[in-house]
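Remarks on the overall topology
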Amino acid sequence: MSTGHLTIDLAALAANWRSLNALTSCETAAVIKADAYGLGADRVAKALAKQGVRTFYVAMAEEGAAVRAAVGDKAQIRVLTGHMRGDTDMIADLNLTPILNTIDQINRHFEALPDHSFGLQLDTGMNRLGLEWDDWAAVAEAALRRKPVVVMSHLACADEPDHPMNPYQLDIFHQMTDGITTPRSLAATGGILLGPDYHFDECRPGIGLYGGLPFEDARPVVRLDLPVIQLRDLTAGEVVGYGNSWQAERPTRLATIAAGYADGLLRSLSRGAMLYHGDTPCPLVGRVSMDLITVDVTDLNEDPAALAFICDAQPVDSLAQSAGTIGYEMLTGLSPRYSRRYVG
Ligand SMILES: *Cc1c(COP(=O)(O)O)cnc(C)c1O
């Protein structure tokens, strides 16, 4: 088999949810947008539902179908982008709960589905989604009378605990919502780690569930093994790959591996990335191509059948750092071409 192989540890996922849940005394939902950060919303949602998760967040209404099929009728599935034009049937049929972000969305929702559940998002300074002060002041009373399931906002800098934006947004959120009886939610993974002031009635972690920073105590959830297609010996001075970007300085045993930028292995990994054979690092050499990479395995005692790119020796955030990005992007870029095995 020439596809890379992803191993997704559902026991570690469940343990991460329990650890985050244990840090708060509020409800802990789960964010499973973008196919659960690339790991498979269906399996992830099922595993988390078994832990007692009752509230799931997706980004778009379309993502709700797989989740609804996985978790049954009782769980609440909330849509972060809200109620978009054309979504009404899907929202009704799948019983999704849109998080309304604008006056337009509020009007659309109340007209199309007056008795249907909804939540509200407020902007506290990130300037991405949610109602601003003036709009909120104009609609708060009428909207709250219809009993939203949550009033939420989102932190822009929660992965930096000392950032002044955190207490600033917290203060704005208080000013916008103190005194209401609707459940409130502000914290994603980073916000949970900022402490109880940020927890309110519900936290909504994503990345921490999947083993990513800023949740440093997370158990790794993903392992990626890539098969070796061909091995060859180079003499010193031979060159490798597109653009001849790497030249052997010594006699080199070179492995060609079946995965490339079409599989989420960003081309920016061409500089300095490592693959692992057990604990032994093997440098990626030459450019990442679409479906292939080349690796210097000279220092191994045996010819490898496969090398790991995400493993205990190189968690997803370390790989992301080599690529100049973050764990979120690495995970959501994981290829649909990889075969997947769920353990735990
Ligand atoms: C993605 C997202 C989350 C989850 O964030 P993590 O950093 O992955 O924990 C929570 N809330 C909103 C609004 C989001 O967009």
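Keep in mind that this is a model prediction, so the values were computed, not measured.

Conventions used here
Each residue is numbered by its place in its chain's sequence as written, counting from 1. Local features in this predicted model are restricted to residues whose pLDDT is 70 or higher, and side-chain atom pairs enter the listing and the counts only when it is 80 or higher, whereas totals over whole chains, interfaces and linings include all residues. Heavy atoms throughout the structure, all of them, feed into the side-chain values; hydrogens and water do not. One heavy atom within 4 Å of a molecule or strand makes the whole residue count as near it. Any N or O atom pair separated by 3.5 Å or less is treated as a polar contact, with the protein-specific requirement of one donor-capable and one acceptor-capable atom, and with residues adjacent in sequence counted only for side-chain atom pairs. Reported accessibility uses the Shrake-Rupley method at a 1.4 Å probe radius. Residues are deemed covered only where the shown protein chains occlude them. Each residue gets one of three labels, nonpolar for Ala, Val, Leu, Ile, Met, Phe, Trp, Tyr, Cys and Pro, charged for Asp, Glu, Lys and Arg, and polar for the others, Gly among them. Throughout, the edges of the domains are those of an automatic or database domain assignment. Note on contacts: a residue pair is in contact if any heavy atoms of the two residues lie within 4.5 Å. Buried area counts how much accessible surface, traced with a 1.4 Å probe, disappears from two parts once they are put together, with both parts' losses summed. By convention in these notes, a salt bridge is any Lys or Arg side-chain nitrogen within 4 Å of a carboxyl oxygen on Asp or Glu. Put simply, DSSP marks the helices as runs of H or I at least four residues long and the strands as runs of E at least two long, and each gets a number from the N terminus on. Between buried and exposed lies partly exposed: a residue is buried under 20% and exposed over 50% of the maximum accessible area for its type, with that area taken using a 1.4 Å probe on protein chains only. UniProt positions are given in the numbering used here, feature names are shortened, and annotations may be inferred rather than shown by experiment. How far a helix is expected to stretch is found by multiplying one less than its residue total by 1.5 Å. The convention used is that axes are lines fitted to C-alpha atoms, helices contributing only their stretch in contact, and that angles between N-to-C directions extend from 0 to 180 degrees. Angle categories are assigned with fixed cut-offs, so that under 35 degrees is roughly parallel, over 145 is roughly antiparallel, 65 to 115 is roughly perpendicular, and the rest are oblique. Note on convention: near helix rotated counterclockwise from far helix by under a right angle means a left-handed crossing. Clockwise means right-handed.

Some details on the site of the ligand
- In the region of the ligand, 14 residues are neighbours, and Lys33, Tyr37, Thr189, Ile207 and Tyr328 sit closest.
- Separating an oxygen atom of the ligand from a side-chain N or O atom of Tyr37 is a distance of 2.5 Å.
- With respect to the ligand, the backbone of Gly206 contributes an N or O atom lying 2.8 Å from an oxygen atom.
- Protein coverage of the free-state accessible area of the ligand, which is 380 Å², stands at 91%.
- Of the residues belonging to the shell around the ligand, the class tally is eight nonpolar, three polar and three charged.

A closer look at the domain arrangement of the chain
- In terms of domains, the chain is made up of domain 1 (10-210) and domain 2 (222-343).
- A straight line from the C-alpha centre of domain 1 to that of domain 2 covers 37 Å.
- Facing 10 residues of domain 1, the contacting portion of domain 2 comprises nine residues.
- Taking both partners together, domain 1 and domain 2 bury about 880 Å²; carbon and sulfur atoms supply 66% of that area.
- The largest contributions to the domain 1 side of the interface with domain 2 come from Tyr37, Leu39 and Ile207, which together make up 51% of the buried area.

Points about the pattern of salt bridges
- Taken as a whole and judged by the stated rule, the model has 11 salt bridges.
- The salt bridge partner of Asp42 is Lys46, with a shortest N-O separation of 3.5 Å. Pair noted here: Asp42 and Lys46 are both in helix H3 (residues 41-51), with a separation of four residues, about one helical turn.
- Taking the relative accessible area as the measure of exposure, Asp42 reaches 33% and is therefore partly exposed.
- A salt bridge links Asp296 to Arg250, with the shortest nitrogen-to-oxygen separation between them at 3.2 Å.

Side note on the UniProt feature "modified residue: N6-(pyridoxal phosphate)lysine" (unreviewed entry) in the chain
- Mapped onto this numbering, the UniProt entry gives "modified residue: N6-(pyridoxal phosphate)lysine" (unreviewed entry) at Lys33.
- What makes Lys33 partly exposed here is its relative accessible area of 27%.
- When sequence neighbours within four positions are dropped, the list of residues in contact with Lys33 reads Tyr57, Val58, Ala59, Glu63 and Leu80.

Quick notes on helix H1 (residues 10-22)
- Here H1 is 13 residues long and its end C-alpha atoms lie 18 Å apart, about the 18 Å a rise of 1.5 Å per residue gives.
- When H1 is considered as a whole, its buried residues turn out to be Leu10, Ala12, Leu13, Ala14, Ala15, Asn16, Trp17 and Leu20.
- At its buried positions, H1 is contacted by strand E1 (5-9), strand E2 (27-28), H3, helix H9 (189-193) and strand E19 (339-343).
- One side-chain oxygen of the residue at the start of H1 lies 3.0 Å from the amide nitrogen of Ala11, identifying that residue as Asp9.

Digging into the packing of H3 against helix H4 (residues 64-71)
- Where H3 contacts H4, the axes come no closer than 9 Å and their chain directions differ by 40°. In this view, H3 runs oblique relative to H4, as classed from their interaxial angle. Judged by the sense of rotation from one axis to the other, the crossing of H3 with H4 is right-handed. Along the contact surface, H3 presents Ala41, Asp42, Ala45, Lys46 and Ala49, while H4 presents Val67, Ala70 and Val71.
- Here the contact of H3 with H4 is built from residues that sort into six nonpolar, no polar and two charged.

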